[in-house]
Amino acid sequence: MAEQVALSRTQVYGILREELYQGDDFHQPETHIFIIMGASGDLAKKKIYPTIWWLFRDGLLPGATFIVGFARSRLSVADIRKQSEPFFRATPEEKLKLEEFFARNSSVAGHYDDPASYQHLNSHVNALHQGSQANHLFYLALPPTVYEVVITKNIRETCMSPMGWSRVIMEKPFGKDLQSSDRLSNHIASLFWEDQIYRIDHYLGKEMVQNLMVLRFANRIFSPIWNRDNIACVILTFKELFGTECRGSYFDEFGIIRDVMQNHLLQMLCLVAMEKPASTDSDDVQDEKVKVLKCISEVKAEDVVLGQYVGNPSGEGEATKGYLDDPTVPRGSTTATFAAVVLYVKNDRWDGVPFILHCGKALNEHKAEVRLQFRDVAGDIFHQQCKRNELVIRVQPNEAMYTKLMTKKPGMFFNPEESELDLTYGNRYKNMKLPDAYERLILDVFCGSQMHFVRSDELREAWRIFTPLLRKIEREKPKPISYIYGSRAGEESASSMKAPI
Ligand code: BG6
């Protein structure tokens, strides 16, 4: 048997770099300027700066890359360092590299609605690349309410790269319903081409979510059974242990359907349900996702269960507090922190198969997964001892895919028992560090791949499916079912799927 040679991290990233950039951008002398709008905010300090550091540390950023933080407050590089370095997880050996990284950083203070501030930003950027060809990447680490009008317009008018390319990365929420999302999309489309816009849904950057396409389309065994004849239902789950702690005011405006279901869970549904794309080109993949969404009708109120957590009197710390005890939540709010919804994909492959989406905060476990439950075996000869087969793709924690199947009980027996074919990544790929979703996605922006981003027509369809329900909830304010912090209660009510909203 050939001996497996372990590659060092530097070697692995060297190979990856060659594959990603295919010898193009990475080796070219072009300068890349990564501009973080909203550099003093939480997202920037906890996610964006650490991510760009990890990419820099691993040698995955192309050519000469400089990072510019734009904020309203006067923020020195030392300030940026102070606020973001605690999230870098840098080792003492990386000290020199860290200095190198911060030497690539600079900052500009300005007002988001002041055109002169953008001229100042632009001169700063020009000085960095000294008139050579440069590509500009703008990360809008700000809520769309802030960037929707003035920031995007000013970037377009003043800060686009004159010779290289310019790309804009955006974060959700992309509107609150179909109408506001359309308004935002139209505005953005009036300024940038779709291939310049990178809408992040960070679930699309997760290892096992990306794996769905490979699992489905690179294996012969699944294609004949991936349909309504064999699959009884598909369950998509997102569960968090914690409540809204400190994010109550943001969360209350959106609720769990907008926060998680309309985006993360629906994207996973698309990858499970879509047909094989013509190729792995972004447009081909996104075309198939749009087709699936178009086959889903608007959610009906009778297919929905809503819940809200209450404190656990016998719990500890935060668990004793209910959603309404969060001081940032408006009194008497009926916003749901748990939701379960059934959707149907009306096409040849899926007609009649329920796709059950459930998501919630302050539940009994931390988990995101896709579960396909197969139909019963026909012509039972084992006296009803057989359980249904299941294929589970566990997105987090502990990435895994496993199949629940019946096998002969080992030994002298001849009766079936349930067992598992188990591919748990931690066992199979020991010592492999899987990158964070943001690392993959930001790298994709450098490489110009939009496959793992959300196109405007996908977004539109996603909002179409949920908007009538969201409007109804807003109008009628139904009282959600109460469940205890840390319980499975929300899930139990979901399994009955009876309670009307
Ligand atoms: C975000 C939601 O999009 O995803 C949060 O706004 C949620 O409410 C988060 O906590 C979950 O992301 P992850 O990667 O921790 O599962």
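As the structure is a prediction and not an experimental result, all values here were calculated from the model.

Undergrad: Looking at this model, I keep getting lost on the overall build of the protein. Mind explaining?
TA: A count of helical and extended segments in the protein gives 14 helices and 15 strands. Computed over its C-alpha atoms, the radius of gyration of the protein comes to 24 Å, within 12% of the 23 Å expected for a compact globule of 501 residues. For the C-alpha atoms alone, the extent of the protein along its principal axes is close to 80 × 65 × 45 Å. When each of the 501 residues of the protein is scored for burial, the buried share is 52%. As displayed, the protein offers around 23700 Å² of accessible surface, 52% of which is attributable to carbon and sulfur atoms. The centroid of the 61 positive side-chain charges in the protein is displaced by 3 Å from the centroid of its 66 negative side-chain charges.

Undergrad: What is the right way to look at the site of the ligand in this model?
TA: Lining the immediate environment of the ligand, one finds Lys172, His202, Tyr203, Lys206, Phe238, Glu240, Arg247, Asp259, His264, Lys361 and Gln396. At a separation of 2.8 Å, an oxygen atom of the ligand approaches a polar side-chain atom of histidine 202. Here lysine 206 contributes a side-chain N or O atom positioned 2.7 Å from an oxygen atom of the ligand. Protein coverage of the free-state accessible area of the ligand, which is 390 Å², stands at 77%.

Undergrad: Explain the environment of proline 480 here, please?
TA: Position of proline 480 among the secondary structure elements: in the loop between helix H13 (456-476) and strand E15 (481-484). Taking the C-alpha atoms as reference points, proline 480 and alanine 336, 144 residues apart in sequence, are found 6.3 Å from one another. Contact partners of proline 480, with chain neighbours within four places excluded, come to Leu306, Gly307, Gln308, Thr334 and Thr335.

Undergrad: Mind showing me how you'd approach the nonpolar core here?
TA: Nonpolar side chains in soluble globular proteins generally cluster together in the buried interior. Residues Met37, Val234, Ile257, Leu269, Leu343, Phe355 and Leu372 are the most contacted members of the largest nonpolar core, which totals 102 residues. Looking at this core element by element, the count peaks at 13 residues for helix H9 (residues 248-273). Contacts of leucine 269, omitting those with residues within four sequence positions, involve Leu236, Val292, Ile296, Leu343, Val345, Phe355 and Leu357. Residues Ile48, Tyr49, Ile169 and Tyr438 belong to the second largest nonpolar core, which totals 35 residues.

Undergrad: Please explain unusual backbone geometry as it appears in this structure.
TA: As a rule of thumb, non-glycine residues mostly have phi less than zero, and peptide bonds are mostly trans rather than cis. Residue proline 173 is bonded to the preceding lysine 172 through a cis peptide linkage, with omega at 5 degrees. The residue proline 173 is located in the loop between strand E5 (166-170) and helix H7 (178-191) in this model. Looking along the chain, the bond that leaves glutamine 396 and enters proline 397 is cis, with omega of -10 degrees. Within the secondary structure, proline 397 is located in the loop between strand E12 (390-396) and strand E13 (400-408). In the Ramachandran plot, histidine 383 falls in the positive-phi region, its phi being about 55 degrees despite a non-glycine side chain. For histidine 383, the position within the fold is in the loop between strand E11 (367-374) and E12. Unlike most non-glycine residues, glutamine 384 shows phi in positive territory, near 60 degrees. Relative to the assigned elements, glutamine 384 resides in the loop between E11 and E12.

Undergrad: Can you walk me through the packing of aromatic side chains in this structure?
TA: What describes a pair of aromatic rings is the distance from one ring centre to the other and the angle between the planes of the rings. Within the structure shown, the criterion is met by 21 aromatic pairs. With a centroid separation of 5.9 Å and 75 degrees between ring planes, the pair formed by phenylalanine 88 and phenylalanine 101 is classed as edge-to-face. Taken together, the positions of phenylalanine 88 in the loop between helix H3 (77-84) and helix H4 (95-103) and phenylalanine 101 in helix H4 put the pair 13 residues apart, joining distant regions of the chain. The same class applies to phenylalanine 88 and to phenylalanine 101, which are both buried. Judged by centre distance (5.4 Å) and plane angle (85 degrees), the ring pair of tyrosine 309 and tyrosine 485 falls under edge-to-face. Linking tyrosine 309 in strand E8 (residues 304-310) with tyrosine 485 in the loop between E15 and helix H14 (489-496), this pair joins segments that are 176 residues apart in sequence. Relative accessible area serves as the criterion here: at 8%, tyrosine 485 is assigned to the buried category. Here the aromatic cluster, defined as three or more aromatic residues joined through ring pairs, consists of Phe251, Tyr309, Tyr323, Phe338, Tyr483 and Tyr485. The aromatic ring of phenylalanine 413 is capped on one face by lysine 409, whose charged end is 4.4 Å from the ring centroid.

Undergrad: What is the right way to read the confidence of the model for the protein from this model?
TA: Reading fine detail from the predicted coordinates is not recommended where pLDDT is low. For the protein, mean pLDDT is 92; residues scoring 70 or higher make up 92% of the total. In this model residues 1-7 is a low-confidence stretch, pLDDT under 50, and it forms three contacts with partners more than four residues away in sequence or in other chains. Counting interchain partners and residues more than four positions distant, the pLDDT-below-50 stretch residues 497-501 has 19 contacts.

Undergrad: Explain the pairing of strand E1 (residues 31-37) to me, please; I cannot follow it from the model alone.
TA: On a regular strand, one side chain projects to one face of the sheet and the next to the other, so that they alternate. The buried fraction of E1 is high, at seven of seven residues. Along E1, one buried face is formed by Thr31, Ile33, Ile35 and Met37 and the opposite face, lined by His32, Phe34 and Ile36, is buried too. Bridge count for E1 against strand E4 (residues 134-140) is seven bridges, and the pairing is parallel. Within E4, the position partnered with isoleucine 36 by the bridge is tyrosine 139. Here E1 runs beside strand E2 (residues 64-71); their pairing, made up of seven bridges, is parallel.

Undergrad: What should I look at first to understand the packing of H9 against H13 in this one?
TA: Geometrically, a packed helix pair is captured by the angle between its two axes and the distance between the axes. Look at H9 against H13: their axes get within 11 Å of each other, and the N-to-C directions meet at 145 degrees. Once H9 is placed against H13, the crossing between them reads as right-handed. In contact with Ile257, Arg258, Met261, Gln262, Leu266 and Gln267 of H9, H13 contributes Glu458, Leu459, Ala462, Trp463, Ile465, Phe466, Leu469, Leu470, Ile473 and Glu474. Of the residues assigned to the contact of H9 with H13, the class counts are eleven nonpolar, two polar and three charged.

Undergrad: Hey, could you run me through the side chain of glutamate 369 in this one?
TA: Mapped onto the elements, glutamate 369 comes out in strand E11. Assessed through its relative accessible area of 3%, glutamate 369 is described here as buried. Polar contacts involving the side chain of glutamate 369 include one to the side chain of arginine 371, which spans 2.9 Å. Once residues within four sequence positions are removed from consideration, glutamate 369 is found in contact with Ile235, Leu236, Thr237, Val392, Ile393, Arg394, Val395 and Tyr402.

Reading the values: the criteria
- Residues numbered from 1 in each chain as written.
- Predicted model: local features only at pLDDT ≥ 70, side-chain atom pairs only at ≥ 80, totals over all residues.
- Heavy atoms only, no water.
- Helix = DSSP H or I, 4+ residues; strand = E, 2+ residues; numbered from the N terminus.
- Rg over C-alpha atoms; globule rule 2.2 N^0.38 Å.
- Buried < 20%, exposed > 50% of the residue type's maximum accessible area, 1.4 Å probe, protein only.
- Areas by Shrake-Rupley, 256 points an atom, 1.4 Å probe, with all protein chains shown as cover.
- Lys, Arg positive; Asp, Glu negative; His and termini not counted.
- Charge placed at Lys NZ, Arg CZ, Asp CG, Glu CD.
- Near = heavy atom within 4 Å.
- Polar contact = N/O pair within 3.5 Å; in protein donor to acceptor, adjacent residues only side chain to side chain.
- Contact = heavy atoms within 4.5 Å.
- Core = buried A, V, L, I, M, F, W, Y, C linked by side-chain atoms within 4.5 Å.
- Phe/Tyr/Trp six-rings, centres within 6.5 Å; stacked < 30°, edge-to-face > 60°.
- Lys NZ or Arg CZ within 6 Å of the ring centre and 35° of its normal.
- pLDDT = per-residue confidence, 0-100.
- Pairing = 2+ DSSP bridges.
- Axes fitted to C-alpha atoms, helices over the stretch in contact; angles between N-to-C directions.
- Left-handed = near helix turned anticlockwise from the far one by under 90°.
- Nonpolar A, V, L, I, M, F, W, Y, C, P; charged D, E, K, R; others polar.

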